[in-house]
Amino acid sequence: MTATTIAPAVRTATEDYATLRTAVGAYRVTAPLVRLTGDDRLTFLDGFLAKSADYVEPDSVREVLALNADGKPFAILLHFEIGEESWLLPRTAVTSDELAAYLGQFDAVGGVTVEIAPEGWGAVAFEGPVAWSVAAGFVDFDISGLTLHAVTEATLDAPGATAHLARVGTTGEYGYLLLSDAPQAAHQAVLAGVADKGGAETGEEGLSRVQAEAGMGVYGAGFGELGVQEADLAWMIDWSRTGEFHGSDALTEPTGSESRLTALVAPVGSRFAAGTPITAAGQEVGTVLHQAAAANPEEELILALLHTPFWVPGLELSAADRTGAERPVRTATLPRVIARSLTVKIA
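Residues numbered from 1 in each chain as written. Predicted model: local features only at pLDDT ≥ 70, side-chain atom pairs only at ≥ 80, totals over all residues. Heavy atoms only, no water.

Brief notes about the overall build of the chain
In step 1: Summing up its helical and strand segments, the chain has seven helices and 17 strands in all.
In step 2: Its C-alpha atoms give the chain a radius of gyration of 21 Å, near enough to 20 Å, the size a compact globule of 347 residues would have.
In step 3: For the chain, the proportion of contacts with a sequence separation of at least 24, taken over those separated by at least 6, is 67%.
In step 4: Put simply, the chain shows about 16100 Å² of open surface, and 51% of that area lies on carbon and sulfur atoms.
In step 5: Of note, the chain has its 21 positive side-chain charges centred 8 Å away from the centre of its 45 negative side-chain charges. (Helix = DSSP H or I, 4+ residues; strand = E, 2+ residues; numbered from the N terminus. Rg over C-alpha atoms; globule rule 2.2 N^0.38 Å. Contact = heavy atoms within 4.5 Å. Areas by Shrake-Rupley, 256 points an atom, 1.4 Å probe, with all protein chains shown as cover. Lys, Arg positive; Asp, Glu negative; His and termini not counted. Charge placed at Lys NZ, Arg CZ, Asp CG, Glu CD.)

Below you can see the structure in the form of structure tokens.
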């Protein structure tokens, strides 16, 4: 008798979305890691990160923006301080080659060493309202003591493995990231912990929908050709340091009169092509940039560039869908969904 292998059930984006919103979902982090060593590494980072490292605490992680020379966004990065090392991890899509070319513009003086994708290292993340209960299995203290943006040593069942657990996420729900030099063992351990809590490994579409609803649609959609103000990322700039970091000479402070990346909602089933005009009483007031994955069964979510003052929430506008039919769209506030983690206490 021939043995048969039963393939795992294929999950839909809607199922992944529900898992992230109600339980816990895990996913591999495929972006290239960067390790920096040397006493002057924070000075090196200050040369291109849009927020100063002057007050960065040891064993912490923060989200930062790096610019191109023309002042447009290059990438959103996580910056970890762990022991005597700094680590960078892109949040937005960047290849190892692009990252190497970008960092290669800056002189690594003072004995600073920069390693792109150091061999053997990787990361896995897990997020959702019960993600904290999975994280508890990797530490030997009360997990509620790991505050937001803190990093701690983690226990991993792999001989000689080094692992660090960071409380940081992308969805507005509880989020954790496990950084390790035994990434396969870390991934398997996270999957086991997630399954034990009623969660599952989640795909890109469900994850990107939750991220978009949390206000970070650029994680999945990218920046396109948007500037800092158009991409609504002015809050990630330390405006007191303009002229001190790469690309900041090209920045101008926001005036409130700029077009801005804006979230809109539409009836379920509406599909819009990028570049579609958005109108108000027949007047064009913006352009569709991206439609988030159709994983939330209650509404469609669109990201658009709207002219001032049409990016304010609650405006009834319209746009033609892919069939040519005119559909109502409404500007919306972000975060779009109230995270369940706001009402779930870490025990």
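Right, picking up where we left off after that structure.
What about the packing of aromatic side chains?
In step 1: Evaluation of the coordinates by the stated rule reveals eight aromatic pairs.
In step 2: For the pair Phe-48 and Phe-106, a centre-to-centre distance of 5.1 Å together with 10° between the ring planes defines the contact as stacked. With Phe-48 in the loop between α2 (41-46) and β3 (60-67) and Phe-106 in the loop between α3 (96-103) and β6 (113-116), this residue pair connects regions lying 58 residues apart in the sequence.
In step 3: Residue classification places Phe-48 among the buried residues on the basis of a relative accessible area of 0%.
In step 4: Here Phe-106 falls in the buried class, since its relative accessible area comes to 16%.
In step 5: Ring geometry for Phe-74 against Tyr-102: centres 4.0 Å apart, planes inclined by 5°, an arrangement best described as stacked. Placement of Phe-74 in strand β4 (residues 73-82) and of Tyr-102 in helix α3 is noted, with a sequence separation of 28 residues between them. Exposure class is identical for Phe-74 and Tyr-102. Each is buried.
In step 6: Among the aromatic residues, ring-to-ring pairing joins Phe-44, Phe-48, Phe-74, Tyr-102 and Phe-106 into one connected group.
In step 7: A cation over a ring is seen here: Arg-260 above Trp-311, with NZ or CZ 3.7 Å from the ring centre. (Phe/Tyr/Trp six-rings, centres within 6.5 Å; stacked < 30°, edge-to-face > 60°. Buried < 20%, exposed > 50% of the residue type's maximum accessible area, 1.4 Å probe, protein only. Lys NZ or Arg CZ within 6 Å of the ring centre and 35° of its normal.)

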